[in-house]
Amino acid sequence: MKNILKYIFLPAVGFLASCSYEFPVNEIIEPTSGEANFASTIVIGDGIAAGFMDGALYDRGQSNSFAVQMTNQMKSLGGGNFNLPLINSVNGFYAIGPGNSILGRLILKTVNGVTSPAPIGPGDLPGPFSGNKAELNNFSIPGLTLGLALIPQTGGPNVPQNPAFNPYYARFASNPASQPPLGMQRLHLEPMAHSLLSGWEVAMFWVMRWVELPIRRS
């Protein structure tokens, strides 16, 4: 019996020893810029490119915007600095609250067992950009549509008769009420790459309207 087991065991060991598998090694492809030059990049877009999140434009949102994420990838391909029109606000501006109080960005709060978005607390009204406008790279504006990007009224005046006014553009516009957002980027010295990221907010608006329809009908 022992001899039988020995002879059965030896072929099995020989079979296992003869079988080997070499796992494929994934080839690491180094990115290249090709003929593109990312030394100086300009981005014009809406809230997604500006970093508008949680119902407000605030510091952390700006530093994590789509435009910043994209240009950070370009830095490995020779991309330069990407300067933002910093809002300098931890909570930003969401809405005017009771007693004309300024409310900041939204967070999830649970009240009486119900969780829903609510202002985190006090916020700040958008103030003028105090940096060098000629060094800006991100000209993205929350609420910007292609139509608003082509007219100077987006920068003012701030009157009821001008529904196009956008305070997020007026705060860093070089010539408010006389220069459309798509003309603002001309201040930049010799940009090598341009990116126009607009229409996402409009698309999301209609997507949300479409999602709400079955809820309203029910």
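Computed from a predicted structure; not experimentally measured. (Residues numbered from 1 in each chain as written. Predicted model: local features only at pLDDT ≥ 70, side-chain atom pairs only at ≥ 80, totals over all residues. Heavy atoms only, no water.)

**Brief notes about the overall build of the protein**
Along the protein, the regular secondary structure elements total seven helices and six strands. What you see in the protein, going N to C, is helices and strands ordered as α-β-α-α-α-β-β-β-β-α-α-β-α. Looking at the protein as a whole, 32% of its 218 residues qualify as buried. The contacts of the protein with a sequence gap of at least 6 include a subset with a gap of at least 24, amounting to 65%. Of the roughly 14100 Å² of accessible surface on the protein, 62% is carried by carbon and sulfur atoms. (Helix = DSSP H or I, 4+ residues; strand = E, 2+ residues; numbered from the N terminus. Buried < 20%, exposed > 50% of the residue type's maximum accessible area, 1.4 Å probe, protein only. Contact = heavy atoms within 4.5 Å. Areas by Shrake-Rupley, 256 points an atom, 1.4 Å probe, with all protein chains shown as cover.)

**Thoughts on the environment of I107**
Looking at the element boundaries, I107 is found in strand 4 (residues 106-111). C-alpha separation for the pair I107 and P119, spaced 12 residues apart in sequence, amounts to 6.2 Å. Ignoring any residue separated from it by four or fewer positions in sequence, one finds I107 in contact with S116, P117, A118 and I120.

**A closer look at unusual backbone geometry**
Residues G156 and P157 are joined by a peptide bond in cis, for which omega reads 5 degrees. Among the secondary structure elements, P157 is positioned in the loop between strand 5 (114-119) and helix 5 (167-170). Despite not being glycine, D54 shows a phi value in the positive range, around 60 degrees. Taking relative accessible area as the criterion, D54 reaches 31% and is therefore assigned partly exposed. Even without a glycine there, the phi angle at N88 is positive, about 55 degrees.

**A word on the packing of aromatic side chains**
Remark: the centre distance and the inter-plane angle together describe each pair of aromatic rings, the angle taken between the planes. Following the criterion strictly, the structure yields three aromatic pairs and no others. Each ring, one from F139 and one from F172, has its centre 6.4 Å from the other, and the planes form 55 degrees; the classification is tilted. In this pair, F139 is assigned in the loop between strand 5 and helix 5 and F172 in the loop between helix 5 and helix 6 (181-184), connecting sequence segments 33 residues apart. Three or more aromatic residues joined by ring pairs form one cluster here, namely F139, Y169 and F172. In this arrangement the basic side chain of R105 is found over the ring face of Y58, its NZ or CZ atom lying 5.0 Å from the centre. (Phe/Tyr/Trp six-rings, centres within 6.5 Å; stacked < 30°, edge-to-face > 60°. Lys NZ or Arg CZ within 6 Å of the ring centre and 35° of its normal.)

**Thoughts on the nonpolar core**
Counting residues in hydrophobic clusters, the biggest one holds 16 residues, and the most contacted among them are F139, I141 and F172. Those elements that provide at least two residues to this core are strand 1 (41-45) and helix 5. If you look at the next biggest cluster of nonpolar residues, it comprises seven residues, including A49, A67, V68 and L84. (Core = buried A, V, L, I, M, F, W, Y, C linked by side-chain atoms within 4.5 Å.)

**Quick word on helix 4 (residues 66-74)**
Burial in helix 4 covers these residues: A67, V68, T71 and M74. Buried residues of helix 4, viewed axially, fall in a sector of 115 degrees; they line one side. (Arc of directions from axis to C-beta.)

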